[in-house]
Structure formats: structure tokens, C-alpha cells
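Structural overview for review
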Amino acid sequence: MDFNSSITLLTPCLNPNLNQFRKLFNSISNQKVFPDKWIIIDGGSSEEILSNISNQVRNINQDLKVTILNRPGSSIYSAINIGIKFCETKYYMVIGCDDILINESINYIKSNVETSDDIVVCSIIKSNNLCIAKKNRYKFISFNGSTKIITNHSGGTIIKKLIHEEIGYYDERYIIL
């Protein structure tokens, strides 16, 4: 693993739609270059759903390291914080159970991340519309909030893990947007 471009995917979930999760699973397992690790943080899904997720993961390519953390009662942001703490790579990206990666996403990210980058923003497709990452924005928060600048809180933002040592972790009181 090249630590300078290493990346972990973090997926917080609670009783995810299994069809959507299967699409996410397939989009990750079909990458030509895998993330260094995929951590699924479950907030207390039913035994049936958790068993289904575990069975899918068990059949994945051995080159992709997957960890399922069972943390009943965790909120989305506490789950993300748990994932960050378990992350052993330089960067992480939150990807929701209802998101998918397009082909070559991980390869593109790993090939283009710079060692000095704290946050890398990618364009995403949201509701069949392309949301293009903005370049050279100087205002941090615009009237329309952070998605006006960074396209999305998950699936489009790659964050250096060490940034949390400086600014802390996510506030677990945040609500799901």
C-alpha cells in the first residue's frame, strides 16, 4: 500500500435497503483498483439485514479488505467518527448505502491525490444530475451551504484522517441532511 494515496471507504448504515446496498457493493467490488479498506459501521440493523450484508462481504474479492463494525445505537455521525478512528489509511471517504462509485473512481482518486491535500473534492452525479466540484472557491460557506462548494458530504469528498487531530471529529448532534 502506498500510504500517501491510501484510502478507506466508510459506510455508516442502519437497516439499509438491500437492493441499494447491493448496488454499492457491486460498484466497489467492480473497481479495477480497490480502496485499501472498506469499513461498514452498522448502527443496529436487524439480524436478517446484517446477515445479508455479511454474506455479500464474505464473497468479495480477497484483495478488498472489509470490516463490519456492529455498533447498535450509533447515529450517522457517531458511526463516521468510529470509522475514522478505525481507519489506518491516510485518507477516507464516506460513502452511503445508497451511493455507488463509477468505474475507475478509486484509481482516479489514488492517482490524483497530492500528499499535501487535506480535502479532495470530486464531481458527483446526484439524482441523475452532474454536480461539478468548484475550483478556486474562496468563501468557505455560501448561502446554499457546503454542498454548493463540495458537491456532497459523502461520495464526493476525500478527507485526510489527520485533519481530525487538529479540528476534532464530527459533532454527533448533527442531523441527517
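The rules behind the values
- Sequence order as written defines the numbering, with residues in each chain counted from 1.
- Local features in this predicted model are restricted to residues whose pLDDT is 70 or higher, and side-chain atom pairs enter the listing and the counts only when it is 80 or higher, whereas totals over whole chains, interfaces and linings include all residues.
- For the side-chain quantities, the full set of heavy atoms in the structure was used; hydrogens and water were omitted.
- The helix count covers DSSP runs of H or I at least four residues long, the strand count covers runs of E at least two residues long, and both are numbered beginning at the N terminus.
- Using a 1.4 Å probe on the protein chains alone, a residue whose accessible area is under 20% of its type maximum counts as buried, one over 50% counts as exposed, and one in between counts as partly exposed.
- Whether two strands pair depends on DSSP finding at least two bridges between them.
- Here the axes come from fitting lines to C-alpha atoms, over the contacting stretch only for helices, and the angles between their N-to-C directions go from 0 to 180 degrees.
- Note on contacts: a residue pair qualifies if any of its non-hydrogen atoms lie within 4.5 Å across the two residues.
- Sulfur atoms of two cysteines make up a disulfide when they are within 2.5 Å.
- Every case where a carboxyl oxygen of Asp or Glu lies within 4 Å of a side-chain nitrogen of Lys or Arg is listed as a salt bridge.
- Under the pairing criterion, centres of Phe, Tyr and Trp rings, with the six-membered ring standing for Trp, must be within 6.5 Å; the plane angle then separates stacked pairs below 30 degrees from edge-to-face pairs above 60, leaving the rest tilted.
- Criterion for a charge above a ring: Arg CZ or Lys NZ at most 6 Å from the ring centre, at most 35 degrees from the ring normal.

Another point: unusual backbone geometry. Even without being glycine, Asn15 reaches a positive phi, approximately 45 degrees. For Asn15, the position within the fold is in the loop between β1 (7-13) and α1 (18-29). Accessibility expressed as a relative area gives 38% for Asn15, which makes it partly exposed.

Sheets are built from strands that pair by backbone hydrogen bonding, the pairs being arranged parallel or antiparallel. Spatially, the six strands line up as an open sheet ordered β3-β2-β1-β4-β8-β5, and their pairing is mixed. For this open sheet the edge positions go to β3 (66-70) and β5 (119-121), each flanked by a neighbour on one side alone. Across the sheet, the mean angle from the axis of one strand to that of its neighbour is 20 degrees, orientation sign disregarded. Here strand β2 (residues 37-42) pairs with β3 via five bridges, running parallel. Bridging from a neighbouring strand, Trp38 pairs with Val66 of β3.

A few words now on the pairing of β1. With seven of seven residues buried, β1 lies mostly within the body of the structure. Alternating residues of β1 divide into Ile7, Leu9, Thr11 and Cys13 and Thr8, Leu10 and Pro12, and every residue in both groups is buried. Pairing of β1 with strand β4 (residues 91-94) involves four bridges; the strand directions are parallel. Counterpart to Leu10 in the pairing with β4 is Val94.

A word on the pairing of β4. By the alternation rule, side chains of β4 split into Tyr91 and Met93 and Tyr92 and Val94, which are all buried. Here β4 pairs with strand β8 (residues 157-160) via three bridges, running antiparallel. Among the inter-strand pairings, Tyr92 is bridged to a residue of β8, identified as Ile159.

Turning next to helix α3 (residues 76-86). Here α3 lies mainly inside the structure; eight of its 11 residues are buried. All of the buried residues in α3 are Tyr77, Ser78, Ala79, Ile80, Asn81, Ile82, Gly83 and Ile84. In the core, the buried residues of α3 are packed alongside β1, β2, β3, β4 and α6 (163-167).

A word on the state of the cysteines. For the coordinates displayed, the defined rule picks out zero disulfides. Distance from the sulfur of Cys13, which forms no disulfide, to the nearest cysteine sulfur (Cys97) is 4.3 Å. Note on Cys13: relative accessible area 7%, which makes it buried.

Let us now look at the pattern of salt bridges. Across all of its chains, the model carries three salt bridges by this definition. A salt bridge links Lys32 to Glu104, with the shortest nitrogen-to-oxygen separation between them at 3.9 Å. With Lys32 in the loop between α1 and β2 and Glu104 in the loop between β4 and α4 (105-112), this pair connects stretches of sequence that are 72 residues apart. What makes Glu104 partly exposed here is its relative accessible area of 26%.

With that out of the way, let us pick up the packing of aromatic side chains. In the structure shown here, the tally under the stated rule is three aromatic pairs. Judged by centre distance (6.0 Å) and plane angle (15 degrees), the rings of Phe21 and Trp38 are stacked. Taken as a pair, Phe21 in helix α1 and Trp38 in strand β2 lie far apart in primary sequence, 17 residues in all. Judged by its relative accessible area of 0%, Phe21 falls in the buried class. Each ring, one from Phe25 and one from Trp38, has its centre 6.5 Å from the other, and the planes form 40 degrees; the classification is tilted. A residue pair is termed long-range when its members are at least 10 positions apart, and Phe25 in helix α1 and Trp38 in strand β2 qualify at 13 residues. Across the pair, Trp38 and Phe25 agree in class, each one buried. Put simply, the rings of Phe21, Phe25 and Trp38 pair up and form one aromatic cluster. We note Lys85 situated over the ring of Tyr169; from NZ or CZ to the ring centre the distance is 4.9 Å.

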